[in-house]
Amino acid sequence: MNIGLSKNSKRIVIKIGTNSIMKSIDKINYHKIDRLAYVCSTLRQQGHDVILVASGAVGAGACTLNMDAYPDSIAEKQALASVGQGVLMNLYSRFFQHYDQHVGQILMTRDIVSYPNAYENCQTTINSLLRNKIIPIINENDAVSVDESGRRSKFGENDTLAAVVTEVTEADMLIILSDIEGLYDSNPHTDSEAKLIPYVGEISDEILAMAGGAGSVFSTGGMETKLNAAKRVMDNNQAMVIASAENPNIIFDIVDGQEVGTLFKKEQPELLIQGDE
């Protein structure tokens, strides 16, 4: 049975994590950002709607201020996010301009999930950008988001944010670029026998049990948050792929329907019948 992505996928959300654009706490991976800009710009020229969910504001802020460690307090992290978000958007704007592609920044809070008017307004704004051939670059509004009793405006990590964006924009698929090639049956960092799982049709308890802890020191997410994102996407009958961020050109293969990383997509009865034949 072969259940792949449609080559006719029109609208694509691409999420790249902090760890994928930071070489270290004091070095931003400019080559990675350039390649990502090239791929996104090319896809848009090919007629796809492309939305980029880009983490890394705190990391870029720490790099800009020449810090050798992240602060512990929320207030100091939010200050770094304020500095770093401007740095990130400046970098993305410069690299995308090299490929004659305009970008627009959208900073979100969880309010868009809680309030229908905010949800609709966010949807309208993104659609307006896409109609004007502008690639939206979305991040959480880390400088002001809070998570406290009585008000929860913080997503916490961008895997969830990317799934929400995929839902809001009614995208065909979400591609999560990570420092791992996909979902494995055990931790590939500690188990040399770990096997990549190419396809998941349901987020079962067994699949959830395969998720390890959080990622690197730069990242607030891990495989668990990605699986939760996959469940949200699949519940909306959309598809998601987890793939390595090592070379963003891999996105072309995913959009072309090739088997890359781990595909999360509900099994369709008609496809099951075709596969059995």
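Look up: the structure comes first, before these words.
What you are looking at is a predicted structure, and each value in this text was computed from that prediction instead of being measured. (Residues numbered from 1 in each chain as written. Predicted model: local features only at pLDDT ≥ 70, side-chain atom pairs only at ≥ 80, totals over all residues. Heavy atoms only, no water.)

Participant: Give me the overall build of the protein chain: which residues, what numbers.
Facilitator: Looking only at helices and strands, the protein chain has eleven helices and twelve strands in total. Restricting to contacts in the protein chain with at least 6 residues of sequence separation, those with at least 24 account for 74%. Per element, the accessible surface of the protein chain, about 13,400 Å² overall, is 45% carbon and sulfur. (Helix = DSSP H or I, 4+ residues; strand = E, 2+ residues; numbered from the N terminus. Contact = heavy atoms within 4.5 Å. Areas by Shrake-Rupley, 256 points an atom, 1.4 Å probe, with all protein chains shown as cover.)

Participant: Account for the nonpolar core, with residues named and values stated.
Facilitator: Counting residues in hydrophobic clusters, the biggest one holds 39 residues, and the most contacted among them are Ile14, Leu36, Leu52, Tyr92, Phe96, Leu177 and Ile251. Residues in contact with Ile251, not counting those within four places in the same chain, are Ile14, Leu36, Val39, Leu43, Ile175 and Leu177. Ile112, Cys122, Met223 and Met240 belong to the second largest nonpolar core, which has 38 residues in total. (Core = buried A, V, L, I, M, F, W, Y, C linked by side-chain atoms within 4.5 Å. Buried < 20%, exposed > 50% of the residue type's maximum accessible area, 1.4 Å probe, protein only.)

Participant: Quick one: what's the story with the sheet that holds strand β6 (residues 135–140), residue by residue and with numbers?
Facilitator: Reading across the sheet, the eight strands line up as β5-β6-β4-β1-β9-β11-β12-β10 and stay open at both edges, with mixed pairing between neighbours. If you trace the sheet from one side to the other, it starts and ends with β5 (103–108) and β10 (199–200), each paired once. As defined by bridge partners, strand β4 (residues 49–54) adjoins β6 across two bridges and the pair is classed as parallel. Across the sheet, Leu52 pairs through a bridge with Ile137, a residue of β6. Of the strands in this sheet, β9 (173–178), β10, β11 (239–244) and β12 (262–264) touch helix α9 (residues 223–235), which is tilted by about 155° from β11. (Pairing = 2+ DSSP bridges. Axes fitted to C-alpha atoms, helices over the stretch in contact; angles between N-to-C directions.)

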